There are 2 protein chains.
Amino acid sequence: MAKGIPTRSEDYSQWYIELVKQADLAENSDVRGCMVIKPYGYSIWEKMQQALDKMFKDTGHVNAYFPLFVPKSMFEAEEKNAEGFAKECAIVTHYRLKADPDNKGKLIVDPNAKLEEELVVRPTSEAIIWSTYKKWIQSYRDLPILINQWANVVRWEMRTRLFLRTAEFLWQEGHTAHATKQEAIKETEQMLDVYATFAEEFMAMPVVKGKKSENERFPGALDTYCIEAMMQDGKALQAGTSHFLGQNFAKAFDVKFSNKEGKLEEVWGTSWGVSTRLMGALIMAHSDDDGLIIPPKLAPIHVVIVPIFKSDEEFARISEKAEGIAKELRKQGFSVKYDNRDTQKPGFKFAEWELKGVPVRIAIGPRDLENGTVEVARRDTKEKQVMKMDDITSSIPTLLDDIQKNIYQRALKFKTEMTTRVDTYDEFKKVLDEKGGFVAAHWDGTAETEQKIKGETKATIRCIPLDAAVEEGKCIYSGKPSNRRVLFAIAY
Amino acid sequence: MAKGIPTRSEDYSQWYIELVKQADLAENSDVRGCMVIKPYGYSIWEKMQQALDKMFKDTGHVNAYFPLFVPKSMFEAEEKNAEGFAKECAIVTHYRLKADPDNKGKLIVDPNAKLEEELVVRPTSEAIIWSTYKKWIQSYRDLPILINQWANVVRWEMRTRLFLRTAEFLWQEGHTAHATKQEAIKETEQMLDVYATFAEEFMAMPVVKGKKSENERFPGALDTYCIEAMMQDGKALQAGTSHFLGQNFAKAFDVKFSNKEGKLEEVWGTSWGVSTRLMGALIMAHSDDDGLIIPPKLAPIHVVIVPIFKSDEEFARISEKAEGIAKELRKQGFSVKYDNRDTQKPGFKFAEWELKGVPVRIAIGPRDLENGTVEVARRDTKEKQVMKMDDITSSIPTLLDDIQKNIYQRALKFKTEMTTRVDTYDEFKKVLDEKGGFVAAHWDGTAETEQKIKGETKATIRCIPLDAAVEEGKCIYSGKPSNRRVLFAIAY
Ligand SMILES: [Zn+2]
Ligand SMILES: [Zn+2]
């Protein structure tokens, strides 16, 4: 158990917050609800960005950049979208400060610099982007438009939590425009698959792919697809969403194209995003009471080497070996840290790198020099083994691969165990109460039932899984007929 | 001359604006002063980012992320900095919209959601970052801190111009903290060198390294170093700045560290940045009346292949060769576009790729198939040559290299020609009037003279070059003694 961090069973919520801070991932700033992403945390986010950006480009998307501000009249054009975000928007009303006449050295908002029209700091960019697409789209030849943007957005959340819910966060938002409904739906589904692949292959985090109920849809979308992950405390976390927007934004911003027959049609749209929230998911999915567990594919440092020595002479001989190993591994593309600080003991270093989730630790002591060995510890299982020094450069890649797989398998097993089928409302409540996790149950498809269940249990419909089998049953709440199970859970 | 774009000699300013739009780099948005960076423009910016990011990391820096908003009281803490930016700040005063009771479907700012303290949208991040550094720095062991941030910032400019001056722009801002003055100055100088290297090696744009006069310093800095480039119309452009902040921000935010002797000292700081303004510099430094000229190291597409055919059968045979060449070049790491559209004629394609500044164009026609040749045209000089198809994969890398160097040499020659030494104020005014460019002249070192010259000629001191020779002389304006020449110019 790391210093000052409660165990997960003691206080999961506090464990998370303290881990984020002590592992140097992020901290709260003096700006209400806004976080500072610290260098170590940011370097994990950069790895996520690189992997996602490549996947977006491989599927034909390009990056662009649209304004931070949305004029109020533009913001309100798509009514449902505007209604959905109006309650949590930062609003710019002035463009100048001036010296406070009553208070030397202080500034006040200059009342003469009031904007004619207020600007909304983007909570999402559909409005500004579709108002731009209107200028770009005339003909079917201008379609599809496949654009992604890496940006910051602001949603004025009242209760914030590092990475999971912050007033400002970083994300990517894809915004595509298509000539046909079918093509837009295909894009929506494709991007959901991209997110699922990223979550599973890079984050080692199994997800359920599904559709949201009408209640939980993105404001302005006809359909919201999502990936849902299971955290170690039995709560679900929505890790990415992909929205089929239909022609809603085309209608709101009057975006039409002439088809091959020369007839005007409204453009079909999608949008899709993942955010720094994924950092929270990554941490909560895998980490343990000793600190972070980062899957090798996202680890800023793959291997740390710690020397164990008593004399300067020993230190010099060990360092020579350590630098050699580091050099070889770096040649293979791994990131290696040789922790040669002489101000800290090995035990301190071990704990620190465990806290930071480095997948592999190599310790080298004087006896290792004699025997031509090293001690290799893996972060995921904490197993240690003695390896021949000569084998290191061939065995480390395999080990990292194995760690990546093991973390995924462990999370998959957990997710499977934490998915319970129930057929009565009593069972449903009992499972939520005693076990948590996903609860697969029949639902009558009405918003009313969904709301009542949420009111009574706090559980929401996370999704209607895409692979849900057709199965006749009765709604656990209303007893009305249902033909597939949906996944309920208490969620972040 | 490209369609709808005036030549440079007809109207340089309009040539620039039209080129930016027609080459699909950027456009004005419906948000006052904010631009949309279009995919092609953004892909050049991405190349710049990648190169700079690597240079920052190679010099020991890490990335992090700090909040977009700065509370007013924090903003005003460093007085000079606050004063410098107060007049051009976007201010968030409210955090919610609500339905307009008088206007169905419209929204108004909710007067009940007024912030207790206004938030400034960051025009630069010294304030928020130093208020954070205060928490991170206690001891000399916590220093140096070498952090960079990629972010958007907002400065409410009244007259905007795509890339060169926009209300919102993208940039990177480095913010470092050091134990000694000497180390901070070294960092300031190091980052100036990084910028100069980037400008010359990647942008193929020669620059003058220098220091700003007190007048032109960054608000809150003790010294501002800059790189200045020469545009084709004889105006100078400041392409990057690196500031030695002294202990100003440490004083404003009370950031102290205990040194090795256990004594408290104030921390020394630097900050440095380049922005999407570099896109403007890149365009204006090299491009011609036919469109962009992009140095190969920043070109999103290195080579475009255009087939010239009459029949489907010819097209099929040419395509086979073209795909083969593209594949080989891609293997070598080049970005290749095979323009196989059958909706456009070769002449149209040639003009389009010239407009977009692709460094090398390969044309393949039926006769080339017979002869085993291709026609290779370079964008910078417009020279064409016939090459053997078999040599392509070995000669293209050399050609790209040559283009990169030639663009730089051409710009260097221009910069040299456009730097004039003058010894009298009459000469000074004549050169500014008839030739433009940098004017190297003696100056008495006073802000008063600088202001008067600016008032009379619009020329400002771009910098005091770091390599200026010590040379006794008399100020062209006041006749007072001076010991080195400074560079004046009319600037963007
Ligand atoms: Zn959501
Ligand atoms: Zn400036």
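- You'll find chain A entered in an unreviewed UniProt entry as Proline--tRNA ligase, with Chryseotalea sanaruensis given as the organism.
- Under Subunit (unreviewed entry), UniProt gives the following word-for-word description of chain A: "Homodimer."
- Here chain A is described in UniProt, under the heading Subcellular location (unreviewed entry), as follows: "Cytoplasm".

**As for the relation of the copies chain A and chain B**
Phase 1: Laying chain A over chain B is done by rotating through 180 degrees and shifting 0.0 Å along the axis; what remains is an RMSD of 0.0 Å. Expressed as an axis order, the relation between the two copies is that of a two-fold axis. Proximity to the rotation axis, assessed at the C-alpha, singles out Val 92 of chain A in chain A; its C-alpha lies 2.1 Å from the axis.
Phase 2: In this assembly the copies share their binding face: 100% of the residues contributing to the interface of chain A also contribute to that of chain B.

**Here's the deal with the pattern of salt bridges**
Residues and elements named next belong to chain B.
Phase 1: Per the stated rule, a full pass over the model turns up 71 salt bridges over all chains.
Phase 2: Between Arg 379 and Asp 288 there is a salt bridge, and its shortest N-O distance comes to 2.7 Å. Of this pair, Arg 379 sits in the loop between β20 (373-378) and β21 (384-388) while Asp 288 sits in the loop between α8 (277-286) and β17 (303-307); the two residues are 91 residues apart in sequence, bridging distant segments of the chain.
Phase 3: With its nearest N and O atoms 3.3 Å apart, the salt bridge here joins Lys 405 to Asp 401.

**Structural notes on the interface of chain A and chain B**
Phase 1: Contact residues are listed per partner, giving 65 residues for chain A and 65 residues for chain B.
Phase 2: Viewed at the interface, chain B and chain A are joined by five salt bridges.
Phase 3: Between Lys 135 of chain A and Asp 30 of chain B there is a salt bridge; the shortest N-O distance is 3.4 Å.
Phase 4: In terms of residue class, the side of chain A that touches chain B is built from 39 nonpolar, nine polar and 17 charged.
Phase 5: Bridging between strand β5 (residues 91-94) of chain A and strand β5 (residues 91-94) of chain B involves three bridges; their strand directions are antiparallel. Across the sheet, Val 92 of chain A pairs through a bridge with Val 92 of chain B, a residue of β5 of chain B.

**As for the sheet that holds β21 of chain B**
Residue and element names in this part refer to chain B.
Phase 1: If you walk across this open sheet you meet the five strands as β18-β17-β19-β20-β21, and the pairing is mixed. Edge positions in the sheet fall to β18 (336-338) and β21, since each has one partner strand and no second. Strand-to-strand twist in this sheet, taken as the mean axis angle between neighbours without regard to direction, amounts to 25 degrees.
Phase 2: When β17 meets β18, the two strands line up parallel, connected through three bridges. Residue pairing across strands places Val 303 opposite Val 336, the latter belonging to β18.
Phase 3: Across the sheet, helix α10 (residues 346-355) lies against β17, β18 and β19 (360-364), angled at about 170 degrees from β17, the strand it touches most.
Phase 4: Lying on the sheet, helix α12 (residues 392-417) is in contact with β17, β19, β20 and β21; it crosses β20 at an angle near 10 degrees.

**Things to note about unusual backbone geometry**
Phase 1: Omega for the bond connecting Leu 143 of chain A with Pro 144 of chain A falls within 30 degrees of zero, at -5 degrees, which places this linkage in the cis form.
Phase 2: Summarising the element assignment, Pro 144 of chain A is placed in the loop between α5 (126-136) and β9 (145-154).
Phase 3: For Lys 458 of chain A, which is not a glycine, the phi torsion comes out positive at approximately 70 degrees.
Phase 4: Given the relative accessible area of 66%, Lys 458 of chain A is considered exposed.
Phase 5: Phi at Asp 24 of chain B takes a positive value of approximately 65 degrees, unusual for a residue other than glycine.

Thresholds, definitions, all that
- Going along each chain's sequence as written, the residues are numbered from 1 onward.
- Chain labels run from A onward and ligand labels from 1 onward, assigned in the order the entries are written.
- With pLDDT at 70 or above as the cut-off, local features in this predicted model cover only qualifying residues; side-chain atom pairs require 80 or more to be listed or tallied, and sums for whole chains, interfaces and linings still use all residues.
- Side-chain calculation: all heavy atoms of the structure are included, whereas hydrogens and water are not.
- UniProt positions are given in the numbering used here, feature names are shortened, and annotations may be inferred rather than shown by experiment.
- Only residues with pLDDT of at least 70 in both copies count here: their C-alpha atoms drive the least-squares fit that superposes the copies.
- Should any heavy atoms of two residues lie within 4.5 Å, those residues are considered in contact.
- We define a salt bridge as a side-chain nitrogen of Lys or Arg found within 4 Å of a carboxyl oxygen belonging to Asp or Glu.
- Secondary structure counts use DSSP, requiring at least four H or I residues in a row for a helix and at least two E residues in a row for a strand, with both numbered from the N terminus.
- Classification used: nonpolar for Ala, Val, Leu, Ile, Met, Phe, Trp, Tyr, Cys and Pro, charged for Asp, Glu, Lys and Arg, polar for all others including Gly.
- The pairing criterion is simple: DSSP has to find at least two bridges between the two strands.
- Comment: axis = line fitted to C-alpha atoms, over the contacting stretch for helices; angle = value between 0 and 180 degrees taken between N-to-C directions.
- Buried means the residue's accessible area, taken with a 1.4 Å probe over protein chains only, is under 20% of the maximum for its type, while exposed means over 50%, and partly exposed covers the values in between.

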